[in-house]
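Observations on the three-dimensional arrangement
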Amino acid sequence: MRSVANNTKIKNKMKLQLPSLSVNEGMARAAVAAFCAQLDPGATDIADIKCAVSEAVTNCIVHAYRNTFGVIYITVTLYEDKLCKIEIRDRGCGIPDVREARQPLFTTDAEGERSGMGFTVMESFTDGIRVRSKVGAGTTVTLLKRIGSKN
Amino acid sequence: MIKTSGKLTHTLEGGRLTLKPTGEIDHHSAVALREEADALIYRTHPEVLAIDLSSIEFMDSSGLGFIMGRYKLARTLNCKTVIKNPGVRVSKILALAGMERIIKTERDQK
Ligand SMILES: Nc1ncnc2c1ncn2[C@@H]1O[C@H](COP(=O)(O)OP(=O)(O)OP(=O)(O)O)[C@@H](O)[C@H]1O
Ligand SMILES: [Mg+2]
């Protein structure tokens, strides 16, 4: 994952907390996309951001807080050089093997009609993704998107 | 800007059932879409199931699950599945999953 240069100035920052209700999937992606609009993104950038955010938020709801409810913490940081950093964090069950979880088609929930393509979608629609997870403590997915890059 | 759920319209012609979801397909909307679609498939017992994706405004990997789920159900009823007219965004996601190798995709000339 490309790191964010220390000297890059922060332009704006948003924090959002939502309960893990599926109705908030649409809310979360629309809110993040609206906030990122300040960086003057194209239609493709917006569609990419919406889809990647939807994947991460859905994972909190269906996996992290499976059979329970919790809070989803979203932080969006916009940098002067048109970089957008989106952090999606849960305090759910955690992922025992992140490398395995990120493989295309890997899912722990095949009966739930999941295809195991969420992480693959996040990877291909952003310019970088980092996953930090601890079993029993939760997961943080960090997405980097450079606005205006052709990806 | 926020459209909370996808809707489903359908047409039945000969033995061909066309399901046309519109709006946004995510995990939230997929639950209702799935129930409605399966009820139609069981009721009409088609020879061909066409899933028309031309009116989708947003779809994530939950849409892949929705399509695969209907494909699997159709197969148990000896019914063939085709995907119709996915837009640019939807096509990208289908391609990531290699969906076109499993389900035939038809694109009408415009
Ligand atoms: N926030 C999370 N907390 C706990 N486990 C997670 C989390 N996110 C992902 N996982 C695990 O990683 C696996 C892969 O996630 P991914 O999003 O790629 O696929 P999926 O959610 O199973 O299916 P799809 O996203 O295609 O519907 C999941 O099946 C789940 O086991
Ligand atoms: Mg997922």
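Residues numbered from 1 in each chain as written. Chains lettered and ligands numbered in written order. Predicted model: local features only at pLDDT ≥ 70, side-chain atom pairs only at ≥ 80, totals over all residues. Heavy atoms only, no water.

1. A look at the layout of surface pockets
Of the volumes computed, that of the largest pocket is approximately 590 Å³. As for the largest pocket, its lining consists of 34 residues, and the residues nearest its centre are A:Asn59, A:His63, A:Ile95, A:Thr108 and A:Phe119. Counting residues per element, the ones that place at least two in the lining of the largest pocket are α2 (43-64), β3 (83-90), α3 (98-101), α4 (118-125) and β5 (138-146) of chain A together with α2 (61-76) of chain B. Here the lining of the largest pocket gets eight residues from one element, more than from any other, and that element is α2(A). If you go around the second largest pocket, you meet 19 residues; those closest to its centre are A:Val62, A:Asp109, A:Gly112, A:Arg114 and B:His27. Taken together, the elements giving at least two residues each to the lining of the second largest pocket come down to α2 of chain A together with α1 (27-44) and α2 of chain B. No other element matches the four residues that α1(B) contributes to the lining of the second largest pocket. Of the residues in the lining of the second largest pocket, the class split is seven nonpolar, seven polar and five charged. (1 Å grid on protein atoms, 1.4 Å probe; cavity = no way out; pocket = protein on both sides within 12 Å on 5 of 7 lines; lining within 4 Å. Points joined across faces, edges and corners; volume = space filled by probe spheres on them. Helix = DSSP H or I, 4+ residues; strand = E, 2+ residues; numbered from the N terminus. Nonpolar A, V, L, I, M, F, W, Y, C, P; charged D, E, K, R; others polar.)

2. Some thoughts on the packing of aromatic side chains
Using the criterion set out here, one finds zero aromatic pairs over all chains in the structure. We note A:Arg29 situated over the ring of B:Phe58; from NZ or CZ to the ring centre the distance is 3.9 Å. Positioned over the ring face of A:Phe125 is B:Arg89, at 4.6 Å from the centre of the ring. (Phe/Tyr/Trp six-rings, centres within 6.5 Å; stacked < 30°, edge-to-face > 60°. Lys NZ or Arg CZ within 6 Å of the ring centre and 35° of its normal.)

3. A few points about the interface of chain B and chain A
By a frequent convention, interface size equals the accessible area lost on bringing the separate parts together. Tallying the contact residues gives 23 residues for chain B and 29 residues for chain A. Run the count over chain B and chain A and you get five salt bridges. The shortest N-O distance in the salt bridge between B:Asp26 and A:Arg29 comes to 2.9 Å. Our count for the chain B to chain A interface comes out at 11 residue pairs in polar contact (both at pLDDT 80 or more). (Contact = heavy atoms within 4.5 Å. Salt bridge = Lys/Arg side-chain N within 4 Å of Asp/Glu carboxyl O. Polar contact = N/O pair within 3.5 Å; in protein donor to acceptor, adjacent residues only side chain to side chain.)

4. A few points about the confidence of the model for chain B
The pLDDT averaged across chain B works out to 93; a share of 94% of its residues lies at or above 70. With pTM at 0.95, the complex prediction returns an ipTM value of 0.92. (pLDDT = per-residue confidence, 0-100.)

5. Some words on the packing of α4(A) against helix α3 (residues 88-96) of chain B
Relative to each other, α4(A) and α3(B) sit at 125 degrees, their axes nearing to 10 Å. When the axis of α4(A) is compared with that of α3(B), the two are oblique. Helix-helix and strand crossings are classified by hand; for α4(A) and α3(B) the assignment is right-handed. In contact with A:Thr120, A:Val121, A:Ser124 and A:Phe125 of α4(A), α3(B) contributes B:Arg89, B:Lys92, B:Ile93 and B:Leu96. Among the residues forming the contact of α4(A) with α3(B), the class breakdown is four nonpolar, two polar and two charged. (Axes fitted to C-alpha atoms, helices over the stretch in contact; angles between N-to-C directions. Parallel < 35°, antiparallel > 145°, perpendicular 65-115°, else oblique. Left-handed = near helix turned anticlockwise from the far one by under 90°.)

6. Brief notes about the site of ligand 1
Taken together, the neighbourhood of ligand 1 is formed by 20 residues, with A:His63, A:Thr107, A:Thr108, A:Arg114 and A:Ser115 sitting nearest. Surrounding ligand 1 are residues belonging to chains A and B, so the site spans chains. Here an oxygen atom of ligand 1 and a side-chain polar atom of A:Thr107 are 2.6 Å apart. Between an oxygen atom of ligand 1 and a main-chain N or O atom of A:Gly118, the distance comes to 3.2 Å. Out of a free accessible area of 590 Å², ligand 1 has 96% covered by protein chains. Because more than half of its atoms lie within 2 Å of the grid, ligand 1 is assigned to the largest pocket. (Near = heavy atom within 4 Å. Areas by Shrake-Rupley, 256 points an atom, 1.4 Å probe, with all protein chains shown as cover. Sits in = over half its atoms within 2 Å of the grid points.)

7. As for helix α1 (residues 24-36) of chain A
Residues and elements named next belong to chain A. With 13 residues, α1 should cover 18 Å at 1.5 Å per step; its first-to-last C-alpha distance of 18 Å lies within 8% of that length. Among the 13 residues that make up α1, 11 are buried, leaving the element largely enclosed by the rest of the structure. Along α1, the positions that sit buried rather than exposed are Asn 24, Glu 25, Gly 26, Ala 28, Arg 29, Ala 30, Ala 31, Val 32, Ala 33, Phe 35 and Cys 36. (Expected span 1.5 Å × (residues − 1). Buried < 20%, exposed > 50% of the residue type's maximum accessible area, 1.4 Å probe, protein only.)

8. Things to note about the environment of A:Val98
Within the secondary structure layout, A:Val98 lies in helix α3. Aside from chain neighbours lying at most four places away, what touches A:Val98 is A:Val131 and A:Ser133.

9. A word on the pattern of salt bridges
All names here are of chain B. Overall, the coordinates contain 15 salt bridges over all chains when judged by the stated rule. Ionic pairing is found between Glu 106 and Arg 16, a salt bridge with its closest N-O pair at 3.2 Å. Separated by 90 residues along the polypeptide, Glu 106 in strand β6 (residues 104-106) and Arg 16 in strand β2 (residues 16-25) bring together distant segments of the chain. Judged by its relative accessible area of 27%, Arg 16 falls in the partly exposed class.

10. Overview of the sheet that holds strand β2 (residues 71-79) of chain A
Residues and elements named next belong to chain A. Read from one edge of the open sheet, five strands run β1-β2-β3-β5-β4, paired in antiparallel fashion. One side of each edge strand has no neighbouring strand; the edge strands of this open sheet are β1 (10-19) and β4 (128-134). Neighbouring strand axes in the sheet, compared pairwise and without regard to direction, differ in orientation by 10 degrees on average. Sheet topology note: the β1/β2 ladder contains nine bridges and is antiparallel. Paired with Pro 19 across the strands is Val 71, a residue of β2. Against the sheet, α1 engages β1, β2 and β3, with an angle of about 170 degrees to β1. Those strands touched by α2 are β2, β3 and β5, and its axis lies near 10 degrees from that of β3. (Pairing = 2+ DSSP bridges.)

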